[in-house]
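Topology and contacts: notes
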Amino acid sequence: MTAQLHDLLTEALESIKSGGLIRKYSLVWAGRSEAPRIIVWKSADVSDEALRRTMMRSLAGLAAESQIAIEKD
């Protein structure tokens, strides 16, 4: 984990959150050299597909789609 990557991911996720697409998020770092798992809790009125598209645009170059888990509750 690098502090810079953590800060960039947090900034992008906060932007998505302020746009109303997610209610909360969590970054789970398993080790220093591993990429984080990103868990988001979506807002009730957004589809998984729309959220995933927005997240991939916002997290481009920072995270892969395989790192993202979308929770509904």
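Just above, that's the structure.
A short tour of the structure in this document, coming up. (Residues numbered from 1 in each chain as written. Predicted model: local features only at pLDDT ≥ 70, side-chain atom pairs only at ≥ 80, totals over all residues. Heavy atoms only, no water.)

A word on the overall build of the protein chain
Check the secondary structure of the protein chain and you find two helices and three strands. Counting from the amino terminus, the protein chain carries its helices and strands in the arrangement α-β-β-α-β. A globule of 73 residues ought to have a C-alpha radius of gyration of about 11 Å, and the protein chain, at 12 Å, matches this closely. Counting only C-alpha atoms and orienting by the principal axes, one finds that the protein chain spans roughly 35 × 20 × 15 Å. Within the protein chain, the proportion of its 73 residues that are buried is 33%. Contacts in the protein chain between residues far apart in sequence, at least 24 positions, make up 45% of those at least 6 positions apart. If the 10 positive side-chain charges of the protein chain are averaged to one point and the 10 negative ones to another, these points end up 2 Å apart. (Helix = DSSP H or I, 4+ residues; strand = E, 2+ residues; numbered from the N terminus. Rg over C-alpha atoms; globule rule 2.2 N^0.38 Å. Buried < 20%, exposed > 50% of the residue type's maximum accessible area, 1.4 Å probe, protein only. Contact = heavy atoms within 4.5 Å. Lys, Arg positive; Asp, Glu negative; His and termini not counted. Charge placed at Lys NZ, Arg CZ, Asp CG, Glu CD.)

What about the pattern of salt bridges?
Throughout the structure, instances matching the rule amount to three salt bridges. Taking the shortest distance from any N to any O, the salt bridge between lysine 42 and aspartate 48 comes out at 2.8 Å. A salt bridge links arginine 52 to glutamate 65, with the nearest nitrogen and oxygen atoms 3.7 Å apart. With arginine 52 in helix 2 (residues 48-58) and glutamate 65 in the loop between helix 2 and strand 3 (68-71), this pair connects stretches of sequence that are 13 residues apart. In this structure arginine 52 comes out as partly exposed when scored by relative accessible area, which is 24%. Members of the salt-bridge network, linked through shared partners, are Lys42, Asp48 and Lys72. (Salt bridge = Lys/Arg side-chain N within 4 Å of Asp/Glu carboxyl O.)

Topic: the pairing of strand 2 (residues 37-42)
Regular strands place their side chains on alternate faces of the sheet. Burial analysis of strand 2 places five of its six residues in the buried class, the great majority of the element. Of the pairings in the sheet, the one linking strand 1 (residues 22-28) to strand 2 comprises six bridges and is antiparallel in character. Within the sheet, the bridge partner assigned to serine 26 lies in strand 2 and is isoleucine 39. Each parallel crossover has a hand, and for strand 2 linked through helix 2 to strand 3 it is right-handed. (Pairing = 2+ DSSP bridges. Right-handed = clockwise from strand over helix to strand, strands pointing away.)

Comments concerning the sheet that holds strand 3
Taken in spatial order, the three strands make up an open sheet running 1-2-3, and their pairing is mixed. Unpaired on one side and paired on the other, strand 1 and strand 3 mark the two borders of the sheet. When the angles between neighbouring strand axes are averaged without regard to direction, this sheet yields 20°. The sheet strands contacting helix 1 (residues 3-18) are strand 1 and strand 2, and the helix crosses strand 1 at an angle near 165°. Against the sheet, helix 2 touches strand 1, strand 2 and strand 3, its axis set at about 145° to strand 3. (Axes fitted to C-alpha atoms, helices over the stretch in contact; angles between N-to-C directions.)

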